[in-house]
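Working through the structure, step by step
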Amino acid sequence: LAAIRMSAPHHPHIGHTHPLCPQFAIANRQFVIQQPDGRTNETALDYSHAEVRAHRLNIMRELAEEYDVDGLELNFVRWAKHFPRDKGREKAPVMTRYIGEIRAMLDAAAKKRQRDRLTLGVRVPESLAACLLAGVDIETWVKRDRKSVV
């Protein structure tokens, strides 16, 4: 499985001076998480924005369609910042819909590659409560379609 860190910024600030800062974040600072306390050192992307989800989905699509992988493993543990910290529970439905989009993309890629199915695996925080704080409603994902998350 191709491993995807859903949020693992290794850059202390947004800018060209740090080699690990993604060009997408530099060009689209408005999509970086805005924390409720107003601090300005946040560097992770906010999945509330459709543009962030589309950007990341395009990367996943390339991996699923162009490389000989058996699927994707989404790592929600590494950093575990996907939304402002006070919005995780509120924004969890956004991530749930996104997981559905990823599953649909993998199904389309499998068909294109003449495969039965591509696996979608996830790594999630240590408890259901910690998952919800990160905007990850794993319980709903499993209840909706036990085939969606392996």
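Residues numbered from 1 in each chain as written. Predicted model: local features only at pLDDT ≥ 70, side-chain atom pairs only at ≥ 80, totals over all residues. Heavy atoms only, no water.

1. Regarding the sheet that holds strand β1 (residues 2-5)
Just so we agree on the cut-off: Here, any two strands with at least 2 DSSP bridges between them count as paired. Secondary structure elements follow DSSP: runs of H or I of four or more residues count as helices, runs of E of two or more count as strands, with numbering from the N terminus. Note on definitions: angles span 0 to 180 degrees between N-to-C directions of axes, and those axes are lines fitted to C-alpha atoms, for helices only across the stretch in contact. Any two residues whose heavy atoms approach within 4.5 Å are treated as being in contact.
Taken in spatial order, the three strands line up as β1-β2-β3 in an open sheet, and their pairing is parallel. Of all strands in the sheet, those with a lone pairing partner are β1 and β3 (119-123), marking the two edges. The average undirected angle you get between the axes of adjacent strands in this sheet is 20 degrees. Pairing geometry for strand β2 (residues 71-75) and β3, over five bridges, is parallel. Note on β3: the bridge partner recorded for L72 is L120. Sitting on the sheet, helix α2 (residues 50-66) is in contact with β1 and β2, with an inclination near 170 degrees to β1.

2. Let's talk about the confidence of the model for the chain
Here is the rule: One confidence number per residue, pLDDT, is output by the predictor and ranges from 0 to 100.
For the chain, per-residue confidence averages 92 on the pLDDT scale, and 96% of positions sit at 70 or higher. Looking across the chain, the model is least confident in helix α5 (residues 138-144), with a mean pLDDT of 88, and most confident in β2, with 98.

3. Considerations on the pattern of salt bridges
Stated precisely, the cut-off is as follows: Here, a salt bridge means any Lys or Arg side-chain nitrogen found within 4 Å of an Asp or Glu carboxyl oxygen. The buried label applies to any residue whose accessible area, calculated with a 1.4 Å probe on protein chains only, is under 20% of its type's maximum; exposed applies above 50%, and partly exposed to all values in between.
All chains considered together, the criterion is met by eleven salt bridges. In this structure, the salt-bridge partner of D37 is R39, at a minimum N-O distance of 3.4 Å. The class of D37 is partly exposed, set by a relative accessible area of 45%. R39 sits in the partly exposed class, given a relative accessible area of 29%. Note that E90 is salt-bridged to K87, the shortest N-O span being 3.7 Å. Accessibility expressed as a relative area gives 53% for E90, which makes it exposed. Judged by its relative accessible area of 29%, K87 is partly exposed. Salt bridges sharing common partners tie together D37, R39 and R85.

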